[in-house]
Amino acid sequence: MLNPSYENYTAEMLVEDDSFRRWVLQENAEATDFWQTFLQEYPDSKKEITTAISWLKAIHFHYEEKTTAEEQQASFQQIQDRIQTGAEAPIIQLKPTHNRRIWQMAASIALLIGLSIGGVLYWNSINQTVLYATEFGEQERIELADGSVVILNSNSTLTHTAKSSREVWLSGEGYFEVSDQKEEGIEFIVHTDHLDVEVYGTEFNVNSRATSTEVVLDEGSVQLSLKGENQEKIEMSPGDIVLYNSETTALNRSTTSTEALTAWKDGNLVFDRASLQEVIDRLEEIYEIEVDLQQTTIADLPIRATFPVDNLDECLETLSLLLLSEGVDLRRTGNEVIIK
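Keep in mind that what you see is a predicted model, and the values were worked out from it rather than measured.

Colleague: Is there a simple way to think about the overall build of the chain in this case?
Modeller: Check the secondary structure of the chain and you find ten helices and 20 strands. Per-residue burial over the chain gives 48% buried out of 340 residues. Sequence separation of 24 or more characterises 50% of the internal contacts of the chain that already satisfy a separation of 6 or more. Accessible surface, the chain as shown: approximately 17100 Å² in total, 45% of it carbon and sulfur.

Colleague: Honestly, the environment of D17 in this entry has me stumped. Any pointers?
Modeller: Topologically, D17 is positioned in the loop between α1 (11–15) and α2 (18–24). Between the C-alpha atoms of D17 and Y6, which are eleven residues apart in sequence, the distance is 9.9 Å. The contacts of D17, once residues within four sequence positions are left out, are Y6, Y9 and W35. Within the local environment of D17, its side chain forms a polar contact with the backbone nitrogen of S19, the two atoms lying 3.1 Å apart. Of the polar contacts made by the side chain of D17, one reaches the backbone nitrogen of F20; its length is 3.0 Å.

Colleague: What is the right way to look at helix α10 (residues 312–324) in this model?
Modeller: Along an α-helix, a turn takes 3.6 residues, which lines up residues three or four apart on a common side. The end-to-end C-alpha separation of α10 is 18 Å, in line with the 18 Å expected for 13 residues at 1.5 Å each. Those residues of α10 that fall on the buried side of the exposure criterion are L312, C315, L316, L319 and L323. The buried residues of α10 occupy an angular sector of 90° when projected down its axis, which confines them to one face. Along α10, exposed side chains directed more than 90 degrees from the buried face belong to D313, E317, L321 and L324. The elements touched by buried residues of α10 are α9 (276–286), β18 (302–308), β19 (330–333) and β20 (336–339).

Basis of the calculations
Residues numbered from 1 in each chain as written. Predicted model: local features only at pLDDT ≥ 70, side-chain atom pairs only at ≥ 80, totals over all residues. Heavy atoms only, no water. Helix = DSSP H or I, 4+ residues; strand = E, 2+ residues; numbered from the N terminus. Buried < 20%, exposed > 50% of the residue type's maximum accessible area, 1.4 Å probe, protein only. Contact = heavy atoms within 4.5 Å. Areas by Shrake-Rupley, 256 points an atom, 1.4 Å probe, with all protein chains shown as cover. Polar contact = N/O pair within 3.5 Å; in protein donor to acceptor, adjacent residues only side chain to side chain. Expected span 1.5 Å × (residues − 1). Arc of directions from axis to C-beta.

Below, the structure written as structure tokens:
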């Protein structure tokens, strides 16, 4: 269970937290799971978290130059003293679209920790983290340095290091159009909480939320590598859909038309006899709403409809009309929706 007090943590407090430090330095899988989930559930904390990540990565570089625990602790304390005086890590907004902020660490972080300018600028130039994020109800088309394109769905984040944009970390949903570099032997890897997707060049959709990850392949071929105890590798072909649940370790593989599952990138949510519960889950992912289905007996009610991906009012109005024909009432108050 997430610690709600973290929602009010400043960057200074996060830097001192053991769990947060283990996540940033990739020393603990459990910490990684916790903080990725926390980012999804508390998106307002993103700015403080991004600043803290910048500080910690710079600190970690400084640690590598130290030989003893005493020197490391003295270095860390010196940095903390600077932080307490109000020094801030410079943050650059890469792409000011809508209300979303896209951050990357600035090389001038070197000034924060008093390291030699040349060494830190070099380290930052290859290790800084680039973060893309979308809010509820919005999407963004991202062009990566290698020529690949990612369409990031709402309530999602994508990160990579400045050293390489062909290894990315996804939380949420993204449609990938990967530039082919097979001749050069350079793979493109998408990391999620539950599995990794490895390709050279192809088009596919990845939706990684909570306890499950779904991969839909449109073109080419990809290889999935499951994480945890079941480290199975799966080869996918066009039309394949793989759904993996990390809690039950259930793996469901099917082959069908992928149009409905990837239509969101073209502005539509397409449901072809999906259950009402599936529709609810999808709307909660994309929009900042909570749906209270008061009668579980109608959870399997089949829904066949196309909703706009960027208009919650129209989605709910259409769904309300469909449910009304079944004698089911839908009421909305703010971000809460009641179906009974």
